[in-house]
Amino acid sequence: MHKHWEQGGRRGAISAAAVAVLLLVAGAVVIVIGVRGSTEPSPAASTMPSATSTQGDSASKPKKPRGVAARELPTPRSDFGLVLPGSSPVALTIPSIEVNANKIVDLGVAEDGSIEVPEDASAPGWFTPGPAPGQLGPAVIAGHVDSESGPAVFHRLGDLGQGDRVKVTRRDGSVATFAVDRVESYKKNAFPTRAVYGTTNRAELRLITCGGRYDSETGYLSNTVAFAHLVNA
Amino acid sequence: MHRTLTLASLAVASLAVSPFLGIGAAVAANGDTTANLQPVALNGVDASGTAMVQVNGNKIDVTMAATGLLPDNPHAAHIHFGADARHECPTAGDDAKGDGTIDTTDGDPAYGPIVVSLTKTGDTSPDSGLAVDRFDTAPGGELSYERGSITVAPEIATAIADGNAVVVVHGVDHNGSGKYDGKTKSDLDPSLPTEATDPAICGVLVSAPSGGADTGYGGTASNDNSGLIALGGGLLLAGTGAGAVAARKGRARI
């Protein structure tokens, strides 16, 4: 490589400059075409997940109640509320957005360090290194927003509203019902690991799917995350 | 002159490339790790919890919550690591003495010695491993812990970020008396019953998934032309790069 540089001389510099000009022109032309094209109305746009639907009121939402009764102790008594023993999820129902999944696959961490995703676009996946839905902590279930041909299991996740119910049937036969607290949209390159996977002082659930702009090279640029907590079982 | 320039550009090139190859200068440990805390084998504890340790250089931030522990008794909690340990939680096979329980010595081959004491106040070194007055007492069986900016040695920060450290919460009630008692003394501190120091729940700190989830194939995406725009941007960048090469070549010939 460097040998070529040494021998390239003036002629090399001129031809490199010519290539640069050509690339610059080509790039500009392609961008103009791209921008023009994308101003056309896109019928599919309305089916994009409305990831920010409940984001507005999340900031003003009061924090969850913490140990109320002050005791004569250095440590305030915590109150985690209802917590279930560990048991794997086997089915997931979300009536308000017509999700009925009778199969849940196991997810771990992929080679590149990201969370694995289900191969089957109709099956949500449970992140098995974390707690089970109903256990203390943040249980994580991820599902696809679409397949290559159409909507997938979490296509309407962004339409969830505060208070909507999420029912998780577990292997031990119990049905853990969660109430949605908020739905957020995050750029994948600014994903809030702490908020999604970090410690919580109650049994919580996160439902994750894709959203935002779609790039044909890298896929969706954002994730839609629904945060919920256990209300009964 | 030529030679110097060429070597310099090679050096620049390798500097630019090395972060992607994971070689080059040592980088400070960084990363978010989580542990799913589960009952330690043989010890009859019906508790669970989670912990998160965020590593920033030689500082760690720790949060932890657990439920089902023996209420209102101090629960020593630590991060354990040993270079020779298995970086795991102990199994029934680790009951070396065959007494039907896992005590702290039994756990050592699995998770190694204490490297950080998760005290609520004051010292966090291994010296505070049994500072029972500074650990959470789990009122109602619920333990809630948060402490930021704990300083650790570089090799400990690296061990945690690499997924080789283990969180252990100690304190079990084998005989169901509601407190730490019994004839068997702790192998760590003979002034304490073994119940006070036996491991209750345990979890390996593993890297939390990085970035987001690739949960879409694009079948319902709008036909925007982001791909074309990106291609155009790429060509522009390539053009700029080629321009830079041309400029550098020009300079190199001077």
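Residues numbered from 1 in each chain as written. Chains lettered and ligands numbered in written order. Predicted model: local features only at pLDDT ≥ 70, side-chain atom pairs only at ≥ 80, totals over all residues. Heavy atoms only, no water.

**Considering the overall build of chain B**
Tallying secondary structure elements over chain B gives 5 helices and 9 strands in all. Each helix and strand of chain B, ordered N terminal to C terminal, gives the series α-β-β-β-β-α-β-β-α-β-α-β-β-α. When burial is assessed residue by residue, chain B has 48% of its 254 residues classed as buried. A separation of at least 24 residues holds for 70% of the contacts in chain B among residues at least 6 apart in sequence. When the accessible surface of chain B is totalled, it reaches about 11,300 Å², and 58% of it is carbon and sulfur. (Helix = DSSP H or I, 4+ residues; strand = E, 2+ residues; numbered from the N terminus. Buried < 20%, exposed > 50% of the residue type's maximum accessible area, 1.4 Å probe, protein only. Contact = heavy atoms within 4.5 Å. Areas by Shrake-Rupley, 256 points an atom, 1.4 Å probe, with all protein chains shown as cover.)

**Concerning the state of the cysteines**
Residues and elements named next belong to chain B. Tallied over the entire structure, the rule returns 1 disulfide over all chains. Across the disulfide from C89 sits C202; the S-S distance is 2.0 Å. One disulfide, between C89 and C202, carries an S-S torsion of -95° and so falls in the left-handed class. Here C89 is found in the loop between β4 (77–80) and α2 (104–111), whereas its partner C202 is found in strand β8 (residues 199–204), with 113 residues between them in sequence. The class of C89 is partly exposed, set by a relative accessible area of 23%. Residue classification places C202 among the buried positions, given a relative accessible area of 2%. (Disulfide = S-S within 2.5 Å.)

**Some words on α2 of chain B**
Residue and element names in this part refer to chain B. Of the residues making up α2, those classed as buried are T104, D106, G107, A110 and Y111. The buried side chains of α2 occupy one side of the element, clustering within an arc of 145° when seen end-on. Those residues of α2 that are buried are in contact with β4, β7 (166–170), α4 (194–197) and β8. The opening residue of α2 is D103, an N-cap whose side-chain oxygen sits 3.2 Å from the backbone nitrogen of T105. (Arc of directions from axis to C-beta. Polar contact = N/O pair within 3.5 Å; in protein donor to acceptor, adjacent residues only side chain to side chain.)

**Here's the deal with the nonpolar core**
Formed by 36 residues in total, the largest nonpolar core has its most connected members in I60, M64, L69, I79, V116, L118 and I160 of chain B. The element that contributes the greatest number of residues to this core is helix α3 (residues 154–161) of chain B, accounting for 5 residues. Setting aside residues up to four positions removed in sequence, L118 of chain B forms contacts with V62, M64, A77, H78, I79, F135, Y145 and I150 of chain B. Membership of the second largest hydrophobic core comes to 27 residues, among which are I104, L157, V180 and A226 of chain A. (Core = buried A, V, L, I, M, F, W, Y, C linked by side-chain atoms within 4.5 Å.)

**Some thoughts on the environment of K103 of chain A**
All names here are of chain A. In this fold, K103 is placed in the loop between β2 (99–101) and β3 (105–107). As for K103 and S122, which are separated by 19 residues in sequence, their C-alpha atoms are 8.5 Å apart. Looking at K103, its side chain comes within polar contact range of the side chain of D120, at 3.4 Å.

**A closer look at the pattern of salt bridges**
Tallying each qualifying case throughout the model produces 14 salt bridges over all chains. Note that D106 of chain B and K97 of chain B form a salt bridge whose closest N and O atoms lie 3.7 Å from each other. Under the relative-accessibility criterion, K97 of chain B is labelled exposed at 51%. What you see here is one network of salt bridges that share partners, running through D181, R202, E204 and R206 of chain A. (Salt bridge = Lys/Arg side-chain N within 4 Å of Asp/Glu carboxyl O.)

**Observations concerning the sheet that holds strand β1 (residues 89–94) of chain A**
Where strands meet in a sheet, backbone hydrogen bonds hold them as pairs that are either parallel or antiparallel. Residue and element names in this part refer to chain A. If you walk across this open sheet you meet the 9 strands as β2-β1-β6-β7-β9-β8-β5-β4-β3, and the pairing is mixed. Of all strands in the sheet, those with a lone pairing partner are β2 and β3, marking the two edges. Going from strand to strand, the sheet's axes swing by 30° on average, the running direction of each strand aside. Of the pairings in the sheet, the one linking β1 to strand β6 (residues 165–170) comprises 4 bridges and is antiparallel in character. When the bridges of β6 are listed, T93 appears paired with K167. (Pairing = 2+ DSSP bridges. Axes fitted to C-alpha atoms, helices over the stretch in contact; angles between N-to-C directions.)

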